[in-house]
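Descriptive structure summary
Each chain, letter by letter, is given below.
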Amino acid sequence: MAAVQEMARLQRVLFELEREFLRTATTLIYRVGEPELKYLLCQHVWESAGHARFLRERGREMAGFGNGEDVRPEIRRLFTEAILPEDADVALAGFYGAIKPALLHAYRHYLSATHHLADWPSRKLVEEFIGDEERHAREIVAFQKDSPAAAEWTQHLGAIIAAGGGLLGERTRIPLPTDFIWLSDRRTYRHPETCKRGRYPTCSSVFSYDADETPIVRPWLVDPATDARVIRIMVYVWLMMEMDAVDYLATVFLDTPNAPFDLHHDLARHLWDESRHSAFGYRQLPKLGVDLTTVEHSLDLYNILVQMPPHERYAMMTMEFEAGSFPTKALVMDRIRELNDFEADTLLAFDRNDEQNHVRYGHRWLPEMMALFGETRPVEEFVKATQAHFKTMAERFGGRTPHGLPAERRLTGNKIKALVGIA
Ligand SMILES: [Fe+2]
Ligand SMILES: [Fe+2]
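Conventions used here
Residues numbered from 1 in each chain as written. Chains lettered and ligands numbered in written order. Predicted model: local features only at pLDDT ≥ 70, side-chain atom pairs only at ≥ 80, totals over all residues. Helix = DSSP H or I, 4+ residues; strand = E, 2+ residues; numbered from the N terminus. Expected span 1.5 Å × (residues − 1). Buried ≥ 20, exposed ≤ 12 C-beta atoms within 10 Å, placed from the backbone. Arc of directions from axis to C-beta. Contact = placed C-beta atoms within 7 Å. Core = buried A, V, L, I, M, F, W, Y, C linked by C-beta atoms within 7 Å. Domains from an automatic or database assignment. Nonpolar A, V, L, I, M, F, W, Y, C, P; charged D, E, K, R; others polar. Axes fitted to C-alpha atoms, helices over the stretch in contact; angles between N-to-C directions. Parallel < 35°, antiparallel > 145°, perpendicular 65-115°, else oblique. Left-handed = near helix turned anticlockwise from the far one by under 90°.

**Re helix α13 (residues 326-337)**
For α13, which comprises 12 residues, the first-to-last C-alpha distance of 17 Å matches the rise-based estimate of 16 Å (1.5 Å per residue) to within 8%. Restricting attention to buried positions, one finds in α13 the residues Val332, Arg335 and Ile336. When α13 is viewed along its axis, its buried side chains cluster within an angular range of 100° and face the same direction. Among the exposed residues of α13, those oriented more than 90 degrees off its buried face are Pro327, Ala330 and Asp334. Elements that come into contact with the buried residues of α13 comprise α7 (218-222), α8 (228-240) and α14 (342-372).

Below is the structure:
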């Protein structure tokens, strides 16, 4: 069985690498500003979660894969190091210039080392993953920014990988230089107090009761007298602002290092869903004549939630924001149908379907996340207390981002009316 055990050992390492990638590469998401890059990272993280799950499934069919899901310390140390650059572009360079190429090399090694017929089930998976990794490398190119710091950091991580002889020990080991300094010996990572939105203007919230202040005017969403075309633009802004959810949900992975893998798998799916919902708005608004540089991005939810522990973040997300959004969204969907806009109907239908899954994830995983943090109250009681905590935190950390644009330049409810041709 030595041959099987050796291949299972390699699969186990690959599983741990993909697992750790999603725990740590998610820290890039709220630190980079460009929406398209956030979307791409969410997609790559989701694909990595898929790789990890398939590896675990196949690995467990083979003797020697092991039952647990723990990540060995050397792998954890590499990824803990990888998140430390303060400049997100530099951190991105490390992930995509050092770690991902080494991972691709490791998959190629697996393919060359295994028996094509005996290990056919693994081979098919690994071929698939190699295709994904090659595509990831192509997809990220447009977002990579070369700099001396990026090159130096890529080399730094490369040296760590080389010291292990590649990620699978498939290459000759090159010992670390004697003057090598681990950044993780000197500092620890902290989530930034606020998230980035690149070249887009920011604000505290896109929701209000004032049609001259924000694009989404709460009473208009549910008022039967509101023009459906106005509702369509408002709901696309709402969807685009699910970028909030992308940014704060991305913080939860790193903060739950001991979560079962299936929890991170479902969080990765949740994250990717939210990024798609945000892209619905981001891609459709310009088609309706909205200049995206006039749409402010709201930062309140990230700013408030990052101050709360991860299980409270997740509780607010699934049990409050998502569970609470259905009645209004149902009304909105009815109104949109008046427009015979098949694409809008489709996007909203998928959004609703995804959101139902998210609430389901919440019911499944919130108790487990609470347990990770020693929270023993019944879920309902914990959620109530968290809602109250959120209120006090919102008073302290919310409402602090001033409008990035003067009223005459930003998209507001009244501007939306003008845009669709009603005064
Ligand atoms: Fe969503
Ligand atoms: Fe959601």
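**So, the nonpolar core**
Side chains of a nonpolar character, in soluble globular proteins, are inclined to be buried together. With 112 residues, the main nonpolar core has Leu28, Cys42, Val45, Met234, Val237, Leu249 and Leu271 as its most contacted residues. Looking at this core, the element that brings in the most residues is helix α4 (residues 88-113), giving 14 residues. Of the domains in this structure, domain 1 (2-185) and domain 2 (202-419) are the two that each give at least three residues to this core. Contact partners of Leu28, with chain neighbours within four places excluded, come to Leu41, Ala88, Ala91, Leu92 and Phe95.

**Looking at the domain arrangement of the protein**
Domains assigned within the protein are domain 1 (2-185) and domain 2 (202-419). Once you take the C-alpha centre of each, domain 1 and domain 2 turn out to be 31 Å apart. Elements represented by at least two residues in the side of domain 1 that touches domain 2 include exactly α1 (2-25) and α2 (35-59). Element by element, the count of residues in the side of domain 1 that touches domain 2 is highest for α2, at 11 residues. Looking at side-chain class alone, the side of domain 1 that touches domain 2 contains 10 nonpolar, four polar and six charged residues.

**Here we look at the packing of α8 against α13**
Direction vectors running N to C along α8 and α13 enclose 130°, while the axes themselves pass 9 Å from each other. One finds that α8 runs oblique with respect to α13. Our pair here, α8 against α13, has a crossing hand that is left-handed. Along the contact surface, α8 presents Ala228, Ile231, Arg232 and Val235, while α13 presents Val332, Arg335 and Ile336.

**Comments concerning unusual backbone geometry**
One non-glycine residue, Asn340, adopts positive backbone phi at about 50°. Of note, Asn340 is situated in the loop between α13 and α14.

**A word on the packing of α4 against helix α5 (residues 120-140)**
The N-to-C vectors of α4 and α5 enclose an angle of 155°; their axes lie 9 Å apart at closest approach. Considering their axes alone, α4 and α5 lie roughly antiparallel with respect to each other. Seen along the crossing, α4 lies across α5 with a hand that is left-handed. Across from Tyr96, Lys100, Leu103, Leu104, Tyr107, Arg108, Tyr110 and Leu111 in α4, the residues of α5 making contact are Arg123, Val126, Glu127, Phe129, Ile130, Glu133, Glu134, His136, Ala137 and Ile140. Grouping the amino acids of the contact of α4 with α5 by side-chain chemistry returns 11 nonpolar, one polar and six charged.

**What about the environment of His44?**
Tracing the sequence through the fold places His44 in helix α2. By the C-beta count within 10 Å, which is 25 here, His44 ends up buried. A sequence separation of 23 residues divides His44 from Phe21, and the C-alpha atoms of the two residues are 9.8 Å apart.

**What to know about α5**
Note that an α-helix has 3.6 residues per turn; residues three or four places apart therefore point the same way. For α5, with 21 residues, the first-to-last C-alpha span of 30 Å sits near the 30 Å given by 1.5 Å per residue. Of the surrounding secondary structure, the elements contacted by the buried residues of α5 are α1, α2 and α4.

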